[in-house]
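Understanding the architecture of this molecule
This is what each chain is made of:
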Amino acid sequence: MKALTRAGLPVVVVAGALVLPAGQAGAAPVRHEAETATISQGVVESNHAGFSGSGFVNSDNVAGSYVQWTVNAATASPNAVLSFRYANGSGANRPLDITVNGNLVSNDLAFPSNGWTTYQSVTVTTALNAGANTIRATGATAAGGPNLDALDVDTAPAPGRGNPQPPANVSTGWSIPWAVSFLPDGQSALITERDTFRVFRAGLNGSRTQVGTVPNSTTTGGEGGLMGVAVSPTWNGTSDQDVFFFHTSNDGGAQANRIVRMSFNGSTLGNRQVIVNNIPASRFHNGGQLKFGPDGFLYATAGDAQNTSLAQNLGSVAGKILRFTRTGAPAPGNPFNSLVYSYGHRNAQGLAWDSAGRLWSAELGNVSTDELNLILPGRNYGWPQCEGNCNVSGMENPKRTWTTAEASPSSLAIVNDTAYIAALRGQRLWRVELNGTSAGATTSHFTSFGRLRAVVKVPGANAIWIGTTNADGNGGQGPGSDRVLRSEIR
């Protein structure tokens with residue numbers, strides 16, 4: 001057995017099989033390369049980059065071509081997770097029939113087009129016997145299957161992810177609560193109101209107290225105003241009073257989005273200081289999310305400010321995800337030696353990290369497609385050339401998409417490696433299971449609360465807070481009609 005590392009996470013090689021880092025304790029996916037499997041009507045190739053092992057299997061364009069693995073399980077597993085890693089640049093879905101020990105467990109499993117060098121995984125949950133199991137992936141149409149790179153098998157998946165339970169009110173009387181950031185003790189949170197510029201401390205017990213406003217805030221007559229908030233992970237009200245805000249402001253008479261640091265002693269805000277200046281602002285597309293990452297640095301989403309060309313311009317912070325220190329300096333290791341962490345974004349507003357430290361983002365599309373993206377440093381997410389999947393070399397495809405009528409996602413929380421995405425126009429909460437670097441089963445919830453904007457995990461609990469956003473022209477209700485809800489995940 002040889003210990004290795006991958007992206008700072010433990011990796012083990014056992015008898016030639018790669019055991020990938022688990023997303024949660026107890027999971028141990030084992031990789032089985034396609035080129036070492038039994039192949040019928042296909043050939044091993046290596047002419048497209050991005051594969052693992054020594055190559056991938058290019059199946060013949062014929063129904064019935066297959067790749068078959070023998071997978072040994074130490075004990076019977078009723079809920080093993082099979083992840084088929086593939087690439088497909090054909091422009092069309094190439095479905096596979098999946099059988100386990102001769103039994104069909106997934107009929108016409110979709111493998112949509114994603115490019116010949118962009119590898120993704122499609123997952124199936126099934127029972128495996130103790131000992132040897134035969135897993136076959138067979139082309140279901142005359143086009144045959146996609147390029148298959150590997151099969152990852154997790155015979156000890158993480159505990160159940162849970163589902164969101166019917167929510168209950170935490171507090172009422174809100175007017176467009178935009179963002180929520182819990183204090184380190186997890187007993188209360190700071191919540192911003194976009195158009196009033198007020199900041200409240202809200203408790204788990206339903207208490208709600210205004211602690212101040214963010215000076216110099218302005219509205220854009222649309223989506224700008226007081227947006228993101230991030231409490232220092234080491235805040236204690238004395239030696240560390242740092243709280244950060246993302247807002248539209250008029251410093252020096254120039255309207256722009258700015259990130260500021262303020263002091264908060266537990267009851268009052270003060271001492272505003274601009275740390276990131278001159279983020280382009282517009283009536284719409286201001287981004288505005290602000291969070292501390294597990295690396296201790298701040299991350300922010302900046303929209304394209306309705307100037308699409310800025311998203312591809314690395315000299316501008318607009319249309320980007322930014323990463324920086326508490327003083328507003330580029331974080332060490334940023335890919336372009338600037339604030340820019342990733343680019344090609346239209347209007348990302350959700351940020352959250354899974355249990356392996358991977359960054360995910362929810363992004364509002366233009367006229368057709370909203371996105372859930374896995375964010376990697378230095379990568380180009382395609383806007384304005386791409387909206388949704390477009391398979392352009394050098395541009396990342398989203399992991400999950402919706403129509404803009406279904407979603408218009410604003411915020412994102414992750415609980416038990418499951419993403420919860422608040423939808424504005426879609427007026428619901430989306431639940432998406434994250435399987436490593438892929439997005440899996442997707443369901444919608446809570447369609448009777450109107451527009452949802454803020455969603456955040458409650459520290460130390462399998463629960464989320466959700467903020468409605470109906471107290472404006474879009475929501476059709478008056479000031480003070482919004483509420484903060486709590487949903488248990490079980």
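All values reported here derive from a predicted model rather than from experimental measurement. (Residues numbered from 1 in each chain as written. Predicted model: local features only at pLDDT ≥ 70, side-chain atom pairs only at ≥ 80, totals over all residues. Heavy atoms only, no water.)

Within the protein chain, the regular secondary structure consists of zero helices and 38 strands. Relative to the globule expectation of 23 Å for 490 residues, the C-alpha radius of gyration of the protein chain, 23 Å, shows essentially globular dimensions. With the principal axes as the frame, the protein chain shows a C-alpha extent of 70 × 45 × 45 Å. Taking all contacts inside the protein chain whose residues are at least 6 apart in sequence as the whole, residues at least 24 apart take part in 57%. (Helix = DSSP H or I, 4+ residues; strand = E, 2+ residues; numbered from the N terminus. Rg over C-alpha atoms; globule rule 2.2 N^0.38 Å. Contact = heavy atoms within 4.5 Å.)

Attention now goes to the pairing of strand β22 (residues 256–264). The buried fraction of β22 is high, at nine of nine residues. In β22, alternate side chains face the same way, and those of A256, R258, V260, M262 and F264 on one face and N257, I259, R261 and S263 on the other are all buried. Relative to β22, strand β21 (residues 242–249) runs antiparallel, the two sharing eight bridges. Of the residues in β22, the one forming a bridge with D242 is S263. The turn linking β21 back onto β22 is made up of six residues, and G252 within it adopts a positive phi angle of 65°. In this structure, the hairpin formed by β22 and strand β23 (residues 269–279) is closed by a connection of four residues, where G266 is found at a positive phi of approximately 115°. (Buried < 20%, exposed > 50% of the residue type's maximum accessible area, 1.4 Å probe, protein only. Pairing = 2+ DSSP bridges.)

Position of T404 among the secondary structure elements: in the loop between β31 (400–403) and β32 (409–415). Apart from the residues within four sequence positions on either side, T404 is in contact with G365, N366, V367, S368, T369, D370 and R425.

Moving on, we get to the pattern of salt bridges. Opposite charge on two side chains permits them to pair, given that their charged atoms come into close proximity. If you walk through the whole model with that rule in mind, you get 15 salt bridges. For E193, the salt bridge goes to R198, with nearest N and O atoms at 2.8 Å. E193 gets classed as buried once you look at its relative accessible area, which sits at 0%. With a closest N to O distance of 3.0 Å, R379 and E396 form a salt bridge. (Salt bridge = Lys/Arg side-chain N within 4 Å of Asp/Glu carboxyl O.)

Each disulfide is one covalent bond, formed between the sulfur atoms of two cysteines. With the rule as written, the count across this model stands at one disulfide. A sulfur-sulfur distance of 1.8 Å marks the disulfide that ties C386 to C390. Judged by the torsion about the S-S bond (55°), the C386/C390 disulfide is right-handed. (Disulfide = S-S within 2.5 Å.)

Right, let's talk about the packing of aromatic side chains for a bit. In total, this model carries 13 aromatic pairs according to the counting rule given. Seen in terms of ring centroids, F446 and F449 are 6.3 Å apart; in terms of plane orientation they differ by 85°. Their pairing is edge-to-face. By relative accessible area, F446 is classed as buried at 13%. Ring-pair connections join several aromatic residues into one group, and the members of that group are W69, F84, Y86 and F111. Directly above the aromatic system of Y66 lies the positively charged group of R136, at a separation of 3.7 Å from the ring centroid. (Phe/Tyr/Trp six-rings, centres within 6.5 Å; stacked < 30°, edge-to-face > 60°. Lys NZ or Arg CZ within 6 Å of the ring centre and 35° of its normal.)

Here we take up the side chain of S175. Tracing the chain through its elements places S175 in the loop between β15 (168–174) and β16 (177–182). Within polar-contact distance, the side chain of S175 engages the backbone nitrogen of G480 at 2.7 Å. What S175 contacts, discounting residues up to four positions off in sequence, is E193, R194, T196, A471, P479, G480 and D482. (Polar contact = N/O pair within 3.5 Å; in protein donor to acceptor, adjacent residues only side chain to side chain.)

Before going further, it helps to examine the sheet that holds β16. To summarise the sheet geometry, strands pair through backbone hydrogen bonds and adopt either a parallel or an antiparallel arrangement. If you trace the four strands from one edge of the open sheet to the other, you get β16-β17-β18-β19, paired in antiparallel fashion. At either margin of the open sheet sits one strand with a lone partner, and together these are β16 and β19 (208–213). In this sheet, adjacent strand axes meet at a mean angle of 25° when their direction is disregarded. As paired strands, strand β18 (residues 198–203) and β19 are joined by five bridges and run antiparallel to one another. Within β19, the position partnered with V199 by the bridge is G212. (Axes fitted to C-alpha atoms, helices over the stretch in contact; angles between N-to-C directions.)

An order of β5-β8-β13-β10-β11 is seen for the five strands of this open sheet, with the pairing classed as antiparallel. With partners counted over all chains shown, the strands left at the sheet margins are β5 (38–40) and β11 (103–109), one partner each. This sheet shows a mean twist of 15° between the axes of neighbouring strands, independent of strand direction. Sheet topology note: the strand β8 (residues 66–73)/strand β13 (residues 131–139) ladder contains eight bridges and is antiparallel. Following the sheet pairing, N72 is matched in β13 by A132.

What follows concerns the pairing of β13. Taken together, the five bridges between strand β10 (residues 96–100) and β13 define a ladder with antiparallel strand orientation. For T99, the partnering residue across the bridge sits in β13 and is R136.

This part takes up the side chain of R31. Structurally, the position occupied by R31 is in strand β4 (residues 30–33). Residue R31 is classed as buried on the basis of its relative accessible area of 9%. A polar contact is formed between the side chain of R31 and the side chain of D152, at a distance of 2.7 Å.

Counting residues in each nonpolar core, the largest one holds 37 residues, and the members touching the most others are L190, F245, I259, L290 and F324. Here the element with the most residues in this core is strand β20 (residues 226–231); it accounts for five residues. With near-sequence residues (within four places) excluded, I259 lies in contact with F245, F246, Q273, V274, I275, V276, I279, L290, A300 and F324. Ranked by size, the runner-up nonpolar core spans 23 residues in total, among them V71, L96, L128 and A137. (Core = buried A, V, L, I, M, F, W, Y, C linked by side-chain atoms within 4.5 Å.)

This is a description of form; function is not addressed.
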